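Single-letter residue listing:
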Amino acid sequence: MDGRIGRALLAWGLLAAVAVTGCTAQSSAAPERTTPERTTPNRPAADRPAADRPAADRPAADRPAADRPAADRPAADPSPAAGGGPDRAAAYRKWGIEPPAAPPGPPATKPALPGTGTGQVPVISEIPTEEKIVFLTFDDGAEKDPRFLTMMRELGVPFTMFLTDAAIRSDYGYFKPLQALGNGVQNHTLTHPNLPDLGPAAQTREICGQQSRLKDHYGTAPRLFRPPYGNWNEDTRTAAASCGIEAIVLWRESMQIKNMQYQLPGEKLRPGDIILAHFRGPSELKGTTVTEMTANLLRHIEEQGFTVARLEDYL
């Protein structure tokens, strides 16, 4: 009799434990997945698992949002500036900025770039377009201002991040909410050297190494590359191509603290210009934060009658 009672109590205890742990697992954790060994680099892209294919060869649903065609991207978390109207104007004015015009939709066909079809990676400073749009890019990643996250979420301004591992490794996670808004994560080398000072092998290590690092942390290898200081040579183009880079992106204007520096005569923006800014803090911006600098930048753009479009939609 005592044995039967003991066995009944044991069975009851096991059932109770299964019920409790099963509920907890469903509510707080996804089932554990086994990552297959990646031994497919020599197989055709179409025959590889989606995670091992180049981003352009993956099904749209398997790519990070920033690398999907515009029509296939999930909607970002709504921001007060999304959709135009009074909410958009209010969001901009909260930051002391007049709202620019809403950007046009992504082009049905991306414009042809100078230098494409030559077998070399094109080097560009602007996008061929007649629309009054410009493209924002932020380099390095040293400054990680929480208010910048708030501003970009509320305004929904598209921009591209060219990140250097030496600058971001203290907090890779800071850039993930910005990526989740649809902003691209692109390559700016591992350690920010002046590339023409390096030989071909060292340049390849800087570019390919950062490709791997960014893929590990942000889910995809970049398509675009910006050389530090804007300096490059033919070894840079060869190295970039070998690492899977599709374009080397320079700039036409650079944002300082309150004003822009223009490369071309006329001291004005032109359609398709790419603008350089940096993730820099008060110690480098004479007491100004990256958030305040960005507000100044957006004022310049609006005052000249331009608006901001997403670089990856055109490139």
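The structure this text deals with has already been given above.
Treat the numbers as computed from the prediction; the structure is a model and nothing was measured.

## Looking at the overall build of the protein chain
Logical step 1: A count of helices and strands for the protein chain gives eight helices and 10 strands.
Logical step 2: Within the protein chain, buried positions represent 45% of all 315 residues.
Logical step 3: The long-range fraction of contacts in the protein chain, counting pairs at least 24 apart against all pairs at least 6 apart in sequence, stands at 68%.
Logical step 4: Carbon and sulfur atoms make up 54% of the accessible area of the protein chain, which amounts to about 16,100 Å² in all.

## Here we look at the packing of aromatic side chains
Pairs of aromatic rings are described using the distance from one ring centre to the other and the angle between the two planes.
Logical step 1: Throughout the structure, instances matching the rule amount to eight aromatic pairs.
Logical step 2: Ring geometry for Phe-138 and Phe-279: centres 5.4 Å apart, planes at 45°, overall tilted. With Phe-138 in strand β2 (residues 133-140) and Phe-279 in the loop between β9 (274-278) and α8 (290-303), this residue pair connects regions lying 141 residues apart in the sequence.
Logical step 3: Overall, Phe-279 belongs to the buried group, its relative accessible area being 1%.
Logical step 4: When the ring of Phe-148 is compared with that of Phe-159, the centres are 5.7 Å apart and the planes differ by 70°; the resulting orientation is edge-to-face. With Phe-148 in helix α3 (residues 146-155) and Phe-159 in the loop between α3 and β3 (160-163), this residue pair connects regions lying 11 residues apart in the sequence.
Logical step 5: A residue is classified by how much of its surface remains accessible, and Phe-148, at 0% relative accessible area, is buried.

## Observations concerning the side chain of Ser-125
Logical step 1: Along the polypeptide, Ser-125 turns up in the loop between β1 (123-124) and β2.
Logical step 2: Setting aside chain neighbours within four positions, we find Ser-125 in contact with Leu-250, Trp-251, Arg-252, Asp-273 and Ile-274.

## Things to note about the packing of α3 against α8
For any two helices packed against each other, the geometry is given by the interaxial angle and the distance between the axes.
Logical step 1: The geometry of α3 relative to α8 is characterised by a closest axis approach of 8 Å and an angle of 35° between their N-to-C directions. From α3, Arg-147, Phe-148, Met-151, Met-152 and Leu-155 reach across to α8, where they touch Val-290, Thr-291, Thr-294, Ala-295 and Leu-298.
Logical step 2: For the contact of α3 with α8, the class distribution of residues is seven nonpolar, two polar and one charged.

## A closer look at the state of the cysteines
Logical step 1: Taken as a whole, this structure holds one disulfide when the rule is applied.
Logical step 2: At a sulfur-sulfur separation of 1.8 Å, the disulfide partner of Cys-208 is Cys-243. Between Cys-208 and Cys-243 the disulfide shows an S-S torsion of about -95°. By sign, it is left-handed. Highlighted residues: Cys-208 in helix α6 (residues 200-218) and Cys-243 in the loop between α7 (234-242) and β6 (247-249), separated in sequence by 35 residues.
Logical step 3: Overall, the relative accessible area of 24% leaves Cys-208 in the partly exposed class.

Reading the values: rules and limits
Residues numbered from 1 in each chain as written. Predicted model: local features only at pLDDT ≥ 70, side-chain atom pairs only at ≥ 80, totals over all residues. Heavy atoms only, no water. Helix = DSSP H or I, 4+ residues; strand = E, 2+ residues; numbered from the N terminus. Buried < 20%, exposed > 50% of the residue type's maximum accessible area, 1.4 Å probe, protein only. Contact = heavy atoms within 4.5 Å. Areas by Shrake-Rupley, 256 points an atom, 1.4 Å probe, with all protein chains shown as cover. Phe/Tyr/Trp six-rings, centres within 6.5 Å; stacked < 30°, edge-to-face > 60°. Axes fitted to C-alpha atoms, helices over the stretch in contact; angles between N-to-C directions. Nonpolar A, V, L, I, M, F, W, Y, C, P; charged D, E, K, R; others polar. Disulfide = S-S within 2.5 Å.

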